[in-house]
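Single-letter residue listing:
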Amino acid sequence: MAFKLTWIGHATLALETGGFKLLVDPYLSHNPSAKVSAEEVEADYILITHGHGDHIGDTVEIAQRTGATAISNAEISDWLRKKGVKVHAQHLGGGFQHPFGYLKLTLALHGSGLPDGSYGGNPAGLLLTTNDGEKIYMAGDTGLFGDMQLIGEEGLTLAVIPIGDNYTMGPDDALRAVKTLTPQHVIPIHYNTFDLIAQDADAWAERVTYETDAKVHLIQPGEQFVYP
Ligand code: NI
Ligand code: MN
């Protein structure tokens, strides 16, 4: 099995690959859609796309309890290190071969301020190449941008993208993102957590299925996508 991805809810993902447990944007204790608590979730690594509260979430508490290494940009890594978290700093365009795979930080069009007002650097997306060569793009919070084409040129097995609108791409731009990224599989996230980002995911999935070659997986919070 190449990887198993669980949508915990909102933008929070649990990814298992090669025996490693990765947690992405662990927003749990204040996340109305999360079915798992910050006290019980497991992690070897925590990947954080940007500093906003619904993404950095419970990183500090989970890292302190599990001993997980947090991976993020340099500014967020500094902030976490000062709180006693073990960190690995990267930055946009930079990749590193971790035990679980090769992780590159990509461009994202968004903000990244931390909950206490600290500067969180630039927001990122995550492009993970698993040790058996599958490419998983987790866009983070972002608007549509043309350089998604460069990311798509890598040959994506899976793209995980926001469709909630208001703070990120909405359904129309997310459809354009799928056309640009040309992933084999796509999972929409960052919608229906709050009224402000309520979306009809079924209608979106129909459009993606009709207009692109990507296979849409409408998993619910707590559900998994297992590949292959
Ligand atoms: Ni955000
Ligand atoms: Mn967000």
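Just above sits the structure.
Residues numbered from 1 in each chain as written. Chains lettered and ligands numbered in written order. Predicted model: local features only at pLDDT ≥ 70, side-chain atom pairs only at ≥ 80, totals over all residues. Heavy atoms only, no water.

1. Focus on the nonpolar core
Now for step 1: By size, the foremost hydrophobic cluster in this structure holds 51 residues, and its most contacted members are Tyr 137, Met 138, Ile 161, Leu 181, Val 186 and Trp 204.
Now for step 2: The biggest single contributor to this core is helix 5 (residues 171-181), with 5 residues.
Now for step 3: The residues touching Val 186, leaving out its near neighbours within four places in the chain, are Leu 158, Ala 159, Ile 161, Val 178, Trp 204, Val 208, Ala 214, Lys 215, Val 216 and His 217.
Now for step 4: Grouped together as the second largest cluster of nonpolar side chains are 21 residues, Val 41, Ala 43, Ile 56 and Ala 70 included. (Core = buried A, V, L, I, M, F, W, Y, C linked by side-chain atoms within 4.5 Å. Buried < 20%, exposed > 50% of the residue type's maximum accessible area, 1.4 Å probe, protein only. Helix = DSSP H or I, 4+ residues; strand = E, 2+ residues; numbered from the N terminus. Contact = heavy atoms within 4.5 Å.)

2. Side note on the coordination of the manganese ion (ligand 2)
Now for step 1: For the manganese ion (ligand 2), the full set of protein donor atoms is Asp 54 (OD), His 55 (NE2), Asp 141 (OD) and His 190 (NE2), and the range of their distances to it is 2.1 to 2.3 Å.
Now for step 2: One chain supplies every donor to the manganese ion (ligand 2), and in sequence these donors are spaced D-H-x85-D-x48-H.
Now for step 3: Between the two metals, the manganese ion (ligand 2) and the nickel ion (ligand 1), the spacing is 3.2 Å, and Asp 141 donates to both. Linking Asp 54 in helix 1 (residues 53-56) with His 190 in the loop between strand 12 (185-189) and helix 6 (201-211), this pair joins segments that are 136 residues apart in sequence. Of the two residues, Asp 54 and His 190, neither departs from the other in class, the shared state being buried. (Donors = N, O, S within 2.8 Å, 3.2 Å for Na, K, Ca; no water.)

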